[in-house]
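Next come the chains, spelled out residue by residue.
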Amino acid sequence: MSDVALRGAVELGLVYGLVAVGLFLSYRILNLADLTVDGSFTLGAASSIMLTAAGMPWLGILAAVLTGAAAGFVTAFLQTKLKIQSILAGILTMTALYSINLRVMGGKASVNAINLTTVFSFFKDTFGDFGKLLLIGIFLAVVLAALVLFLNTQLGLSVRATGDNENMVRSSSINGNFTKTLGLVVANAMVGLSGGVLAQYQQSADAGMGIGVVVIGLASLIIGEVIFGNLLYFLCKRRTMLTGVISAVCGSILYRIIIGLVLQYNTLPALKFLNITTSDMKLLSSVIVVIAISYPVARDAVKLRGQKRKLKQTDGGKENG
Amino acid sequence: MLELRELCKTFYAGTVNERKAIDHVNLTVPEGEFITLIGGNGAGKSTLLKLISGSYLPDSGSVTLSGKDVTYLPEHKRARNIGHLFQDPLMGTAPSMTIEENLSLAYLRGTHRSLAPATSRKNAAFFREKLRELDLGLEDRLKTRVGLLSGGQRQAITLLMATISTPKLLLLDEHTAALDPATADKVLALTRKIVRENTITTLMITHNIQSALDCGDRTLMMQQGKIILDLSGKERERMTVEKLLELFRQKSGEQLDNDRMLLS
């Protein structure tokens, strides 16, 4: 992998890392499968690109955060007040957002902001090749620090407890609906920011860019937990909010590097017959998530089979004896 | 202190499964009284506690706590003044959070959750003190995840959480029934100690008639959603398990599920 390709992968990994961290909050901490993400990601990108085209890139980033947060609020409202199941609530918001995103983009399926000033322009001019990476790094560091600090406040602790044991949360006089809403709003604000930064990074946004983002985010989160989460646990002997967030981001970077490598080597004889292209990455993401989530079940099934066979053998031995 | 007026709750109203769980219950509990509640399965004991805590809302009637009508107040708002323990020791604690974090959440009960740090050294010292009183060796394990503890330890922590900022009312729904006998005795002894030291008004459901008579100041017996027996004072002091079972037969015309009650 060339330096440029590697840097590109790390940049993308960091941008999508915000999605992975958002899912860390909604999926891991709140224990909700929040499908709003596919919509709020595009919404953030659409808001960001439109304001960039209008010459206000920084306002675009702010708008991406706020619109993402609003999308999260709608899903939370459907779930907590209207009692719609969490998955369906996310699907409803996501589907509704598809129409809204097109409206935000002025009815066009894709919008470009090529050669316009973006938030990256200044950094690219000042710091050269590493300018983009620097800005993305700053975004990520600020957001992650704020999130980790928040999760260790009294309010943050209430949010964490909500996903863990809702009954206990109520009996500690915490409004579980409020903490759930807060969690979904923050998670989708991060996803919106990710979409907003990506749109300016690639100087374009299109209505389909959010498809599968939730699965990509989950895959990154899981890769991160398995590899970096365990590594960090081995190093510091405990799991904290900080190690969780860091492993999610590292997982996202690794995911992008894997994709880069697969695309680079897809002409090798061993892989050529598969004819892998970028569009196959969503399939790969789904497979990763399926394997990672079903792994404990498969492992236990294999173990149980071994035990059964062993029992059968010893029983058979007795009968024969 | 606690006042129930003509409280009614019917489940599956209008269907063939319609069941009157609570049927015009009236009850006045003076401040600091420790009541034990007995009765067969489906008598309405748990439902009564849930109506008081707000997990269920009644069809009619009213619940008044310290002179304030709380009949339709949401559960999390009522929880500021009410501690509620269940039979399942897993229900009261958040497993993936540490003992310290669980206690911190409970300690903040009734206050507004702010952006201040969730844990502090000062609180940790206080929690350690409180854990030492449990005498389960948990005082040095503040950073341990609650999910790693045994059922008895978790129930003891739940008890501590429910009482760490003293509630006006403590509801105990067979909170020792899922524990092994030795642990159950220990948790019950702890309960009595904490309730006595803080003079908390308490309602405790138990299937053990002996401990229903041993604990507290007053014993209520429920049957088909009604309170059919209300024992206190001298009458209660002279009561034995056998006499109580006999009384139950007379009052309800039914045999009490006494095997389970006597053996548990």
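Residues numbered from 1 in each chain as written. Chains lettered and ligands numbered in written order. Predicted model: local features only at pLDDT ≥ 70, side-chain atom pairs only at ≥ 80, totals over all residues.

**Focus: the overall build of chain A**
Now for step 1: For chain A, the count of helices and strands is 13 helices and two strands.
Now for step 2: The C-alpha radius of gyration of chain A comes to 22 Å, within 12% of the 20 Å expected for a compact globule of 321 residues.
Now for step 3: With the C-alpha coordinates of chain A rotated into their principal frame, the extents come out at 85 × 60 × 40 Å.
Now for step 4: Within chain A, buried positions represent 48% of all 321 residues. (Helix = DSSP H or I, 4+ residues; strand = E, 2+ residues; numbered from the N terminus. Rg over C-alpha atoms; globule rule 2.2 N^0.38 Å. Buried ≥ 20, exposed ≤ 12 C-beta atoms within 10 Å, placed from the backbone.)

**Points about the sheet that holds strand β10 (residues 226-232) of chain B**
Residue and element names in this part refer to chain B.
Now for step 1: Strand order in the open sheet formed by six strands is β6-β7-β8-β3-β9-β10, with mixed pairing between adjacent strands. The open sheet has two edge strands, β6 (82-85) and β10, and neither has a second partner. Shown here is a sheet whose adjacent strand axes are inclined to one another by a mean of 15 degrees, direction ignored.
Now for step 2: The sheet contacts of helix α1 (residues 45-53) involve β3 (34-39), β6, β7 (169-173), β8 (201-205) and β9 (218-223), and relative to β7 the element is tilted by about 150 degrees.
Now for step 3: Packing against the sheet, helix α5 (residues 151-163) makes contact with β6 and β7, and its axis sits at approximately 170 degrees to β6. (Pairing = 2+ DSSP bridges. Axes fitted to C-alpha atoms, helices over the stretch in contact; angles between N-to-C directions. Contact = placed C-beta atoms within 7 Å.)

**Re the UniProt feature "transmembrane region" (unreviewed entry) in chain A**
All names here are of chain A.
Now for step 1: In this structure's numbering, the residues bearing the UniProt feature "transmembrane region" (unreviewed entry) are residues 12-30, 50-74, 86-106, 133-157, 178-199, 211-235, 242-263 and 283-302.
Now for step 2: Along residues 211-235 one finds 92% helix and 0% strand; the C-alpha atoms at either end are 36 Å apart.
Now for step 3: Counting secondary structure, residues 283-302 comes out at 100% helix and 0% strand; the distance between its end C-alpha atoms is 26 Å. (UniProt positions renumbered as here; feature names shortened; annotations may be inferred.)

**Some details on helix α4 (residues 121-134) of chain B**
Count 3.6 residues to each turn of an α-helix, and residues three or four apart come out pointing the same way.
Now for step 1: Helix length check: α4(B) (14 residues) gives 20 Å between terminal C-alpha atoms against 20 Å at 1.5 Å per residue, within 8%.
Now for step 2: Note on α4(B): the residue one or two positions beyond its end, D135(B), has a positive phi of about 60 degrees. (Expected span 1.5 Å × (residues − 1).)

**A closer look at the sheet that holds strand β5 (residues 68-69) of chain B**
By definition, the strands of a sheet pair up through backbone hydrogen bonds, in either a parallel or an antiparallel sense.
Residue and element names in this part refer to chain B.
Now for step 1: Strand order across the open sheet formed by four strands is β2-β1-β4-β5, with antiparallel pairing between neighbours. Both edges of this open sheet fall to β2 (19-29) and β5, since each of them pairs with a single strand only.
Now for step 2: By the bridge criterion, five bridges tie strand β1 (residues 2-11) to strand β4 (residues 60-65) in an arrangement that is antiparallel. Directly across from R5, in β4, lies its bridge partner S62.
Now for step 3: Against the sheet, α1 contacts β1, β2 and β4, and its axis sits at roughly 65 degrees relative to β2.

**Comments concerning the packing of helix α1 (residues 3-29) of chain A against helix α10 (residues 213-236) of chain A**
All names here are of chain A.
Now for step 1: The contact between α1 and α10 brings their axes to 8 Å, and the two run at 80 degrees. Compared by their axis directions, α1 and α10 come out roughly perpendicular. Listed contacts from α10 to Y16, V19, A20, L23, F24 and Y27 of α1 are V213, I216, G217, L218, S220, L221 and G224.
Now for step 2: Split into classes, the residues belonging to the contact of α1 with α10 amount to 10 nonpolar, three polar and no charged. (Parallel < 35°, antiparallel > 145°, perpendicular 65-115°, else oblique. Nonpolar A, V, L, I, M, F, W, Y, C, P; charged D, E, K, R; others polar.)

**Some details on the interface of chain A and chain B**
Now for step 1: Of the residues lining the interface, 20 residues belong to chain A; the matching set on chain B comes to 26 residues.
Now for step 2: Elements with a contribution of two residues or more to the side of chain A that touches chain B: α7 (154-164) and α8 (166-171) of chain A.
Now for step 3: For the side of chain A that touches chain B, the residue count by class is five nonpolar, 12 polar and three charged.

**Focus: the pairing of β6(B)**
When a strand is regular, its side chains alternate between the sheet's two faces.
All names here are of chain B.
Now for step 1: The side-chain alternation of β6 yields two buried faces, one formed by I82 and H84 and the other by G83 and L85.
Now for step 2: As judged from the four bridges shared by β6 and β7, these two strands associate in the parallel manner. Bridge assignment links I82 to a residue of β7, and that residue is L169.

**Describing the nonpolar core**
Now for step 1: In this structure, L18(A), V21(A) and F24(A) are the most contacted members of the largest nonpolar core, which totals 84 residues.
Now for step 2: No other element matches the 15 residues that α1(A) contributes to this core.
Now for step 3: If you look at the next biggest cluster of nonpolar residues, it comprises 73 residues, including F127(B), L179(B), C215(B) and M222(B). (Core = buried A, V, L, I, M, F, W, Y, C linked by C-beta atoms within 7 Å.)

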